[in-house]
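Descriptive structure summary
Spelled out from the first residue to the last, the chains are:
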There are 2 protein chains.
Amino acid sequence: MVKIGIDMLGGDHAPQAVVDGLRLFFAQNPTAHVVGFGPEAECQEAITAAGLNNTQVSLVHAPELIGMHEHPTKALREKPNSSITIGFGALKQQKIDALISAGNTGCMLVGSMFFLKPLPGVSRPAIPTILPKLDGSTGLLLDVGLNADCKPENLNEFAWLGSQYAKKVLGINNPKVALLNIGEEEGKGNLLAQATYPLLKENTHINFIGNVEGRDVLTGQADVILCDGFTGNVILKMAESLFDIAKNQNLNNPYFNRFYFGQYGGVPVLGVEKPVIIGHGISNGEAFCKMLELAQQLCNSQFADFGIPY
Amino acid sequence: MVKIGIDMLGGDHAPQAVVDGLRLFFAQNPTAHVVGFGPEAECQEAITAAGLNNTQVSLVHAPELIGMHEHPTKALREKPNSSITIGFGALKQQKIDALISAGNTGCMLVGSMFFLKPLPGVSRPAIPTILPKLDGSTGLLLDVGLNADCKPENLNEFAWLGSQYAKKVLGINNPKVALLNIGEEEGKGNLLAQATYPLLKENTHINFIGNVEGRDVLTGQADVILCDGFTGNVILKMAESLFDIAKNQNLNNPYFNRFYFGQYGGVPVLGVEKPVIIGHGISNGEAFCKMLELAQQLCNSQFADFGIPY
């Protein structure tokens, strides 16, 4: 049986939001098993109060908290008893099959690379984001922050990772992959885009449809959009701000409501040997429940079992 | 008296939209003088039909049209009688004081660098865009496409160019300059952002307020946001798509309506010795009128008379 690990201290509303998520998750998956990392007494109390038992949620004592703004590498090194550090240790030792945290994002990223092996053929893991598209579908944009500077080969690897995720997890058949660029034609773009295009064009393992521009990110045909982590992070955060802007304008519009990223749960780290899911700090119970479901789906889809075939 | 040159063939609705713009402009500025570049007979007919006389608009015959998708360098070289080529020639020879075109953007950019000298201290000219901000103000983002790959010194120059434009043209006192980045603290970002931050921090000629993130582009405090032309172009086009998205959602919201870029007229090329204004292809008469007014303002503000003091 799949054992999902979860950081009980991660996120702005922990541990209550985590426990709320567990309650929602077990209502749908009564026979599942989750391992929680956090201060045992406090967490046990919250779990019992939520009507959950220890066959459902077993706890591993992890008394230290890594704050949202601590330096990732330093925090992981200096806080061996933190919920994130102990969680990654358990994942590495195969005591759990997946790890979820809405805590310090940098720590989750550094931890993924430090504790876990990359999949065969992956030189840099990446994190994608879902982008709500105007036609009701969702696009996948990656990388959104793990690799601020990228090489063409990195983007060519992201093409595979994003395609596999779109296919196996989002259920998109033959996902259309595009390169984010500042012109439609081949040869346009910065040095990275110019050098990446030919690699993607020659890549027979993906369904490359060419360049897309900024205007196509929310409206275009691509299922998977590739960019460096700097550009991707700027787009992600700009997209996030659209929800706040719509709210500020007193709009209750179904499309702009989809920019509330709290509702999506979390994003997976792609390209490492085990499923790791990073939640948004604002995650509520519903978001944690979605992350638990995603972790289960990632484990069952053997998503992380295969490397890059090129 | 200031002589503004305008490409009569530039834009999706030329020459009619250009002539509409001239009519609106002369209604407010009856004694101004504009030089139009285009096929003389056709343009003369449109100008006469609009009730304008040749003391107001004098024409220079330029029978060739550069299409919107032609290769810039090739088109400028192979079409010496195009309205853009002849316009730049007139600007270089000081027969006109400023040049406006809503035609092939690439040609306008290449032309600005080929025909004109950069201002002292400017290694790369840049183009900014206005970004409507939630508090009703407008931010300036640059570069949005002229320099897909930038060096730290380029961004440090853009800081001056953007500040001067914000001050002298947008009327913003002591404009707040920020670096677009993927984290708030110094040391964050890609190699470019990491290397640019210290230059900006030490620059006593600008009012540097630090990093801003994607979420701050439309909502934050910065008056001038600096980024490479790749990231800037992606943001600009994504911002443009917001108007279409709002329209698609049947929203008639004052804030999202401000993302209709046709209304802003055009953007100036910053860092060259003469005012050059590039209009959006979709420009209507109102937009052309605004470009003519902006050209007049740029000439009168001696905006392009000073180089970078560092």
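Residues numbered from 1 in each chain as written. Chains lettered and ligands numbered in written order. Predicted model: local features only at pLDDT ≥ 70, side-chain atom pairs only at ≥ 80, totals over all residues. Heavy atoms only, no water.

**A look at the overall build of chain A**
Under the convention used in this document: For helices the rule is a DSSP run of H or I covering at least 4 residues; for strands it is a run of E covering at least 2, with both sets numbered from the N terminus onward. Note on method: radius of gyration uses C-alpha positions; expected globular size equals 2.2 Å times residues raised to 0.38. Only protein chains enter the accessibility calculation, which uses a 1.4 Å probe; a residue is then buried when its area is under 20% of its type maximum, exposed when over 50%, and partly exposed in between. Contact definition: two residues touch when any of their heavy atoms are within 4.5 Å.
Within chain A one finds ten helices and eleven strands. In terms of overall dimensions, chain A is globule-like: its C-alpha atoms have a radius of gyration of 19 Å, near the 19 Å expected for 310 residues. With the principal axes as the frame, chain A shows a C-alpha extent of 60 × 45 × 35 Å. Buried positions account for 61% of the 310 residues belonging to chain A. Partitioning the contacts of chain A with sequence separation of at least 6, the portion at a separation of at least 24 is 70%.

**What to know about the sheet that holds strand β8 (residues 207-212) of chain B**
Residue and element names in this part refer to chain B. Let me state the cut-off plainly: Between any two strands, at least two bridges found by DSSP are needed for them to pair. Axis definition: a line fit to C-alpha positions, over the contact stretch in the case of helices; interaxial angles, taken between N-to-C directions, run 0 to 180 degrees.
Pairing in this open sheet of five strands is mixed, and the strands run β5-β6-β9-β7-β8 from one edge to the other. Because the sheet does not close on itself, it has two edges, and the strands there are β5 (128-132) and β8. Averaged over all adjacent pairs, the angle separating strand axes in this sheet is 30°, with direction ignored. Judged from the three bridges that link them, strand β6 (residues 138-142) and strand β9 (residues 224-226) form a sheet pairing that is parallel. From the neighbouring strand, L140 faces β9, where its bridge partner is V224. Along the sheet face, helix α6 (residues 152-168) touches β6, β7 (176-180) and β9 and points at about 165° away from the line of β9. Lying on the sheet, helix α7 (residues 191-202) is in contact with β7, β8 and β9; it crosses β8 at an angle near 155°.

**So, unusual backbone geometry**
Residues and elements named next belong to chain A. Here the residue pair A14 and P15 is connected by a cis peptide bond, since its omega of -5° sits within 30 degrees of zero. The residue P15 is located in the loop between β1 (3-7) and α1 (16-28) in this model. A positive phi angle, close to 50°, is found at N174, a residue other than glycine. You can see N174 is positioned in the loop between α6 (152-168) and β7 (176-180). In this structure, N250 is a non-glycine residue whose phi angle is positive, near 60°. In this structure, N250 sits in the loop between α8 (229-248) and α9 (254-257). Judged by relative accessible area, which is 70%, N250 ranks as exposed.

**Focus: the packing of aromatic side chains**
Quick reminder of the rule: Any two rings among Phe, Tyr and Trp, with Trp reduced to its six-membered ring, count as a pair given centres within 6.5 Å; such a pair is stacked if its planes are under 30 degrees apart, edge-to-face if over 60, and tilted if neither.
Within this structure, the stated rule accounts for 21 aromatic pairs over all chains. A centroid spacing of 5.2 Å and a plane angle of 90° characterise the contact between F114 of chain A and F115 of chain A, whose relative ring orientation is edge-to-face. On the accessibility criterion, F114 of chain A (63% relative accessible area) is exposed. These aromatic residues form a ring-pair network of at least three members: Y255, F256 and F259 of chain A together with Y255, F256 and F259 of chain B.

**Structural notes on the sheet that holds strand β3 (residues 57-61) of chain B**
Residue and element names in this part refer to chain B. Taken in spatial order, the six strands of this open sheet run β3-β2-β1-β4-β11-β10, and their pairing is mixed. Strands at the two margins of the open sheet, each flanked by one partner only, are β3 and β10 (266-268). With strand direction ignored, the average angle separating the axes of adjacent strands in the sheet is 25°. The sheet contact formed by β10 and strand β11 (residues 276-279) spans three bridges and is antiparallel. By the bridge assignment, V267 is partnered in β11 with I278.

**Description of the interface of chain A and chain B**
Selection criterion: By definition, the buried area sums, over both parts, the 1.4 Å-probe accessible area that each loses when the two are put together. Salt bridge criterion: a side-chain nitrogen from Lys or Arg within 4 Å of a carboxyl oxygen from Asp or Glu. Counted as a polar contact is a pair of N or O atoms within 3.5 Å, where, for protein atoms, one must be capable of donating a hydrogen and the other of accepting one, and residues adjacent in sequence contribute only when both atoms are in side chains. We call Asp, Glu, Lys and Arg charged. Ala, Val, Leu, Ile, Met, Phe, Trp, Tyr, Cys and Pro are nonpolar, and the rest, Gly among them, are polar.
Counting residues at the interface gives 33 residues for chain A and 33 residues for chain B. When chain A packs against chain B, close to 3,400 Å² is buried across both sides, 72% of that on carbon and sulfur atoms. Of all residues in chain A, the largest losses of buried area upon contact with chain B belong to I182, F230 and M238 of chain A, amounting jointly to 21% of the total for that side. Scanning the region where chain A abuts chain B turns up three salt bridges. Between R215 of chain A and E240 of chain B there is a salt bridge, with its nearest N and O atoms 4.0 Å apart. Seen at the junction of chain A and chain B, the total is eight residue pairs in polar contact (both at pLDDT 80 or more). Counting only elements with at least two residues in the side of chain A that touches chain B, the list comes to α7 (191-202), α8 and α9 of chain A. With 13 residues, the top contributor of residues to the side of chain A that touches chain B is α8 of chain A. Residues of the side of chain A that touches chain B, tallied by class, amount to 17 nonpolar, eleven polar and five charged.

**Section: the packing of α1 of chain A against helix α10 (residues 285-300) of chain A**
For any two helices packed against each other, the geometry is given by the interaxial angle and the distance between the axes. All names here are of chain A. Threshold: In this scheme, roughly parallel covers angles under 35 degrees and roughly antiparallel covers those over 145, while 65 to 115 is roughly perpendicular and the rest are oblique. Here is the rule for handedness: rotate from the far helix to the near one, and if that takes an anticlockwise turn smaller than a right angle the crossing is left-handed, while a clockwise turn gives right-handed.
Viewed as axis vectors pointing N to C, α1 and α10 meet at an angle of 55°, and their least axial separation amounts to 7 Å. Taken together, the axes of α1 and α10 are oblique relative to one another. You can see that α1 and α10 cross each other, and the crossing is right-handed. Residue-level inspection shows A17, V18, D20, G21, L22, L24 and F25 of α1 in contact with α10, the latter providing G285, E286, F288, C289, L292, E293 and Q296.

Taken by themselves, the reported measurements are silent on function.
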